[in-house]
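# Summary of the model geometry
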Amino acid sequence: MAKNLVIVESPAKAKTIEKILGKDFEVISCFGHIRDLEKDDMGIDINNNFKPKYIIPDDKEKVVKDLKKLAKSTDEVWLATDEDREGEAISWHLCEVLGLDPEITKRIVFHEITKPAIEKAVQQPRLLNMNLVNAQQARRILDRIVGFELSPVLWRKMSMRNHLSAGRVQSVAVRLIVEREREINGFTAVSSFKVEAFFIAKDLNGKNITFKAEGPTRFKTAEDAEKFLQQCVGAAYAVKDIQVKPGKKSPAAPFTTSTLQQEASRKLGYSVSKTMLLAQKLYESGKITYMRTDSVNLSDTALADIQKAITTNYGARYHQHRKFKNKNESAQEAHEAIRPTYMENASIDDSDSRKLYELIWKRTIASQMSDAELEKTIAKIDISTNHEELTASGEVLKFDGFLKVYMEGRDDEDESEEDEQDGSLPPLALKQVLDLKEMKATERFTRPAPRYTEASLVKKLEELGIGRPSTYAPTITTIQKRNYVEKRDKEGVKRDFRILVLKSDKLTKVTESENTGAEKSKLFPTDLGMIVTDFLSQYFGNVMDYGFTAKIEEEFDEVAHGKKIWNKMLNEFYTPFHKDVENTLENAERVKGERQLGTEESTGKPIVARMGRYGPMVQIGKAEDEEKPRFAKLKATQSIETITLEEAMELFKLPRNLGKFEDEDVTVNIGRFGPYAAHDKKFYSLKKEMDPYTVELDEIAPLIVEKRTAKDERTIKVFEKEKIQILKGPYGPYIKQGLRNYKIPKEKIDTAADITVEEAKAIIEDVKANPPKKKAPPRKKKAE
DNA sequence: CAGTGAGCGAGCTTCCGCTTGACTT
């Protein structure tokens with residue numbers, strides 16, 4: 001047994017550190033937090049100065065048991081959890097649980113897993129910082145209060161009330177998406193005319209090439225643009241001025257969790273959870289450093305390693321030492337930036353994670369490479385018939401620098417409308433006369449801000465200081481699981497635009513069309529998300545404010561610096577917050593999100609769109625009317641906020657009766673699992689390309705026949721009387737009786753077709769007697 | 001698998017931030 005026990009958070013880290021520290025040290029992982037607030041009564045004694053009640057969660061009991069055993073049989077325990085608020089708290093919980101004295105237990109910290117950093121840390125142990133621990137407790141308790149007081153308000157006040165939730169992070173994330181959607185819905189595109197002239201000139205080899213020059217202004221109307229082009233009839237064009245300016249581009253900082261998620265989304269099309277899953281794999285196999293980090297820092301050993309790789313691969317001229325500073329104030333920088341552990345591996349074998357690894361490798365390398373050097377040329381071109389001038393600009397790369405390896409991607413949000421890459425210009429001389437090929441005035445439209453992708457939402461949250469590297473991916477999963485937000489594509493719509501062309505002194509007009517507004521894999525708010533957001537914003541404006549987290553983070557910092565008492569700070573938050581909760585429970589009406597659409601022509605009955613118990617719907621007539629109201633579910637892409645009366649009426653065309661097949665009616669409707677046809681008490685899902693509003697009987701009939709034969713193929717054997725079937729499933733053959741399925745024992749799988757009634761019955765009895773183990777055991781009620 | 005939609009109200013749900021495994025009726 002080693003003399004010293006070092007406890008870290010991550011097992012992969014434990015392995016590496018143990019190698020560095022040698023045989024006197026055993027390094028073990030506690031797998032993150034080992035205690036959490038109890039769930040009953042929120043786990044907080046609010047009337048007793050917010051005294052927390054901590055328990056060891058079921059899935060941590062084994063870890064804690066092992067830690068206790070090791071701690072007992074060792075001379076000294078060292079706490080080496082991460083150097084941030086959470087890490088400090090984990091160390092304190094370890095003291096409490098393992099019976100260590102926080103006044104003497106050695107606490108060590110390092111920001112990088114390198115031999116010098118760790119050896120240095122061991123030589124300079126400190127003690128637990130209780131102020132920092134208290135800041136963490138305040139953070140934890142505040143989040144619990146917000147979550148566990150707001151969620152029940154939703155259960156009481158929403159018409160759909162199962163599994164709803166609210167929280168400091170998730171509710172603001174949903175709000176961002178809701179507000180962006182409304183911004184887009186309320187946006188009106190304005191058009192203007194952009195003038196481009198195409199000239200011909202000789203390049204260095206004497207070959208004619210075409211280059212582009214832009215007009216002086218954008219014209220608001222087609223008339224103004226036409227007037228300008230008319231003025232250019234018969235004009236001569238000459239170069240009036242040439243300016244050449246040097247320029248440069250610098251590489252981006254190495255990856256943090258958030259920038260990795262953004263780039264993997266832009267360049268590889270990965271969801272944030274896919275990125276994190278692959279990064280975890282790379283980390284566990286020792287290929288990259290820790291993947292949940294907000295730091296852009298690189299260790300000295302890494303810097304030396306990177307310099308070597310650059311010099312070997314590209315030459316010394318391509319290396320430039322850089323130190324990046326974090327732009328983000330909320331960063332806690334407990335780790336390094338995300339980088340390969342060994343720069344000599346430019347790629348790896350694993351096919352799943354190779355692309356992500358190469359992205360990390362390139363980004364890391366590029367971050368220590370020279371600037372790219374450019375030469376920007378701007379030429380002004382005179383028009384003889386008026387006083388206006390045209391501008392041609394070109395950019396030539398003089399030295400590629402970091403661009404040899406890597407260029408950061410962009411979100412459409414950052415792009416201005418004219419974002420075409422400037423090409424190179426032919427050599428031009430002052431007063432040179434130019435041949436005009438043609439001049440065009442093209443109608444262009446302003447665009448609303450794009451909807452968020454998962455990754456651009458993470459970027460926004462990070463800017464607001466909301467959430468942490470370990471929670472970005474789970475938060476995005478949560479708001480989708482709660483059905484506040486959904487990820488989907490949107491088809492664009494066709495739009496005409498006008499072009500005026502001046503060629504050989506003749507003006508012509510053409511109209512072309514383009515597809516606009518198409519989006520792929522974007523986040524859309526659901527009706528539920530909008531209604532919940534509106535409700536929370538109305539009654540809990542403070543928590544829903546985009547600056548709320550930043551504000552309380554400042555207070556947590558004050559606690560961490562000993563300038564504020566943690567429970568006093570909590571009390572200042574809680575008193576008004578809880579008053580809002582009580583007031584809302586007492587006074588707020590149940591929310592239906594109702595919107596009037598108009599009246600039904602034939603009867604004069606009101607038509608509304610609203611939230612029902614099973615989702616958004618439209619309703620004709622009122623509940624208190626003599627005749628029952630009619631209901632119809634909204635389609636997946638429709639929303640209460642934007643549906644029109646015409647679209648609503650269309651929904652009432654279902655169910656449709658298509659006529660008879662084999663003497664039974666065939667009806668078509670949309671159910672819980674999408675469009676289906678019903679025939680002879682059986683159901684058939686419609687194929688994706690079939691539209692339930694227009695589909696015909698002769699398209700449904702093959703569906704019915706097809707399902708019958710598929711069922712025959714799936715069936716191995718049937719015992720009619722006992723209602724037992726032996727069927728072929730995706731995991732192999734199984735037995736079905738009534739609605740329940742039973743697993744066939746391994747030794748009989750291959751001869752499933754030979755199973756007799758008696759054998760099948762025996763298997764069923766056997767499974768019933770020894771039910772298969774469930775994934776998660778049912779929650780234990782305390783026996784005390 | 002594929003009805004529903006009012007109101008009453010059993011008993012249920014819920015947060016954020018640290019960390020990884022378990023698992024195919």
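Residues numbered from 1 in each chain as written. Chains lettered and ligands numbered in written order. Predicted model: local features only at pLDDT ≥ 70, side-chain atom pairs only at ≥ 80, totals over all residues. Heavy atoms only, no water.

Turning to the overall build of chain A, a few remarks are in order. When helices and strands are counted, chain A shows 21 helices and 30 strands. Along the three orthogonal principal directions, the C-alpha set of chain A runs to about 100 × 85 × 65 Å. Per-residue burial over chain A gives 45% buried out of 784 residues. Sequence-distant contacts in chain A: of pairs separated by 6 or more residues, those separated by 24 or more amount to 68%. In the structure as shown, chain A presents an accessible area of about 43,300 Å², 49% of it carried by carbon and sulfur atoms. Each charge sign in chain A was given a centre, from 132 positive and 130 negative side chains, and these centres are 3 Å apart. (Helix = DSSP H or I, 4+ residues; strand = E, 2+ residues; numbered from the N terminus. Buried < 20%, exposed > 50% of the residue type's maximum accessible area, 1.4 Å probe, protein only. Contact = heavy atoms within 4.5 Å. Areas by Shrake-Rupley, 256 points an atom, 1.4 Å probe, with all protein chains shown as cover. Lys, Arg positive; Asp, Glu negative; His and termini not counted. Charge placed at Lys NZ, Arg CZ, Asp CG, Glu CD.)

UniProt annotation of "active site" (unreviewed entry) refers to Y290 when read in the numbering used here. Relative to the elements of secondary structure, Y290 occurs in the loop between α9 (272-284) and α10 (300-314). Sequence-distant contacts of Y290, defined by excluding residues within four places in its chain, comprise Y283, H335 and I338. A distance of 3.1 Å separates polar atoms of two side chains, one belonging to Y290 and the other to R292. (UniProt positions renumbered as here; feature names shortened; annotations may be inferred. Polar contact = N/O pair within 3.5 Å; in protein donor to acceptor, adjacent residues only side chain to side chain.)

Turning our eyes to something else, we now look at unusual backbone geometry. Residue P655 is bonded to the preceding L654 through a cis peptide linkage, with omega at -5°. Structurally, P655 is set in the loop between α18 (645-651) and β23 (656-661). Although it is not a glycine, F31 adopts a positive phi angle of roughly 55°. A relative accessible area of 47% means that F31 is categorised as partly exposed. Even without being glycine, D663 reaches a positive phi, approximately 65°. Relative to the assigned elements, D663 resides in the loop between β23 and β24 (664-671). A residue is classified by how much of its surface remains accessible, and D663, at 69% relative accessible area, is exposed.

Attention shifts here to the sheet that holds strand β8 (residues 106-107). Reading across the sheet, the four strands line up as β2-β1-β7-β8 and stay open at both edges, with parallel pairing between neighbours. Edge positions in the sheet fall to β2 (25-29) and β8, since each of these pairs with one other strand and no more. Of the strands in this sheet, β1 (4-8), β2 and β7 (76-79) are in contact with helix α2 (residues 61-72), which crosses β2 at around 165°. (Pairing = 2+ DSSP bridges. Axes fitted to C-alpha atoms, helices over the stretch in contact; angles between N-to-C directions.)

Scanning the entire structure with this criterion turns up 14 aromatic pairs. Look at Y318 and F399: their rings are 4.8 Å apart centre to centre, the planes differ by 40°, and that puts the pair in the tilted class. Of this pair, Y318 sits in the loop between α10 and α11 (354-366) while F399 sits in strand β13 (residues 389-399), and the two are 81 residues apart along the sequence. On the accessibility criterion, Y318 (11% relative accessible area) is buried. Owing to a relative accessible area of 7%, F399 belongs among the buried residues under this scheme. Ring pairs connect the aromatic residues F540, F548, F573 and F577, which therefore count as one cluster. Here the guanidinium or amino end of K13 rests over the ring plane of Y290, the centre of that ring lying 5.4 Å away. (Phe/Tyr/Trp six-rings, centres within 6.5 Å; stacked < 30°, edge-to-face > 60°. Lys NZ or Arg CZ within 6 Å of the ring centre and 35° of its normal.)

This brings us to empty space enclosed by the protein. Tallied over the full model, the rule gives two cavities of 30 Å³ or more. Taken together, D294, N328, S330, A331, E462, G465, I466, G467, R468, P469 and Y472 make up the full set of residues lining the largest cavity. Grouping the constituent residues of the lining of the largest cavity by class yields four nonpolar, four polar and three charged. At the level of elements, α6 (170-185) and α14 (527-539) are the ones that each hand at least two residues to the lining of the second largest cavity. Among the residues making up the lining of the second largest cavity, the classes are represented as three nonpolar, two polar and no charged. (1 Å grid on protein atoms, 1.4 Å probe; cavity = no way out; pocket = protein on both sides within 12 Å on 5 of 7 lines; lining within 4 Å. Points joined across faces, edges and corners; volume = space filled by probe spheres on them. Nonpolar A, V, L, I, M, F, W, Y, C, P; charged D, E, K, R; others polar.)

In this section: the packing of helix α5 (residues 130-157) against helix α17 (residues 566-587). Look at α5 against α17: their axes get within 11 Å of each other, and the N-to-C directions meet at 5°. In terms of axis orientation, α5 runs roughly parallel to α17. Facing N134, A138, I141, L142, I145, V146, E149, L150, V153, R156 and K157 of α5, the residues of α17 in contact are W566, M569, L570, F573, Y574, F577, H578, V581, T584 and L585. Among the residues forming the contact of α5 with α17, the class breakdown is 15 nonpolar, three polar and three charged. (Parallel < 35°, antiparallel > 145°, perpendicular 65-115°, else oblique.)

This brings us to the domain arrangement of chain A. Domain assignment breaks chain A into domain 1 (4-128), domain 2 (191-250 + 373-409 + 417-446 + 485-520), domain 3 (257-370), domain 4 (594-651) and domain 5 (656-715). For domain 1 versus domain 4, the distance between C-alpha centres works out to 57 Å. (Domains from an automatic or database assignment.)

Here the focus is α9. End to end, α9 covers 18 Å across 13 residues, agreeing with the expected 18 Å (1.5 Å per residue, within 8%). Inspection of α9 places V272, T275, M276, L278, A279, L282 and Y283 among the buried residues, and these make up the whole buried set. End-on, the buried residues of α9 take up no more than an arc of 170°, which puts them together on one face. Looking at the buried positions of α9, the neighbouring elements they touch are α1 (11-21), α8 (257-268), α11, α12 (454-463) and α13 (472-481). Looking at the residues trailing α9, positive phi occurs at G286, about 75°. (Expected span 1.5 Å × (residues − 1). Arc of directions from axis to C-beta.)

This part is about the sheet that holds strand β22 (residues 630-633). Sheet strands associate in pairs through backbone hydrogen bonding, adopting either a parallel or an antiparallel arrangement. The strand order across the open sheet formed by four strands is β19-β20-β21-β22, and the pairing between neighbours is antiparallel. Single-partner strands in this sheet number two, and they are β19 (595-599) and β22. Strand-to-strand twist in this sheet, taken as the mean axis angle between neighbours without regard to direction, amounts to 25°. As paired elements, strand β21 (residues 615-620) and β22 share four bridges and run antiparallel to each other. Bridge assignment links M617 to a residue of β22, and that residue is K633.

With that settled, consider the side chain of S29. Inspection of the secondary structure assignment puts S29 in strand β2. Classification of S29 by relative accessible area gives buried; the value is 6%. Among the polar contacts listed, one links the side chain of S29 to the backbone oxygen of E9, at a separation of 3.1 Å. Separated by 3.0 Å, the side chain of S29 and the backbone nitrogen of F31 make a polar contact. Discounting residues that sit within four places of it in the chain, S29 has contacts with V8, E9, S10, P11, A14, V63 and L67.

With that settled, the discussion passes to a positive patch on the surface. A surface patch of like charges, here positive, comprises K681, K682, K707, K711 and R714. Here K707 is to be found in helix α19 (residues 697-714). K707 gets classed as partly exposed once you look at its relative accessible area, which sits at 45%. (Patch = residues over 30% accessible without salt bridge, like charges linked within 9 Å, V, L, I, M, F, W, Y side chains within 5 Å. Salt bridge = Lys/Arg side-chain N within 4 Å of Asp/Glu carboxyl O.)

Mapped onto the fold, R339 is located in the loop between α10 and α11. Look at R339 and you get buried, because its relative accessible area is 7%. Apart from residues no more than four positions distant in its own chain, R339 is found in contact with K287, I288, T289, L298, S299, A302, I360 and T364.

Let's shift gears to the pattern of salt bridges. For the structure shown, the criterion picks out 53 salt bridges. R468 is the salt-bridge partner of D294, the closest N and O atoms lying 3.0 Å from each other. Residue D294 is found in the loop between α9 and α10, and its partner R468 is found in the loop between α12 and α13; the two are separated by 174 residues along the sequence. Residue R468 is classed as partly exposed on the basis of its relative accessible area of 26%.

A separate point is the pairing of β21. With respect to burial, β21 is a largely interior element, five of its six residues being buried. Between strand β20 (residues 606-612) and β21, which pair antiparallel in sequence order, lie two residues.

On to the state of the cysteines, then. Scanning the entire structure with this criterion turns up zero disulfides. Of all cysteine sulfurs in the structure, the one in C95 sits closest to C30, which takes part in no disulfide; the separation is 12 Å. Residue C30 is classed as buried on the basis of its relative accessible area of 0%. (Disulfide = S-S within 2.5 Å.)

What follows is about the environment of V510. By secondary structure assignment, the location of V510 is in strand β17 (residues 506-516). Its relative accessible area of 38% is what places V510 among the partly exposed residues. Along the sequence, V510 and I499 sit 11 residues apart, while their C-alpha atoms lie 5.3 Å from each other. Excluding residues within four positions of it along the chain, V510 makes contact with F497, R498 and I499.

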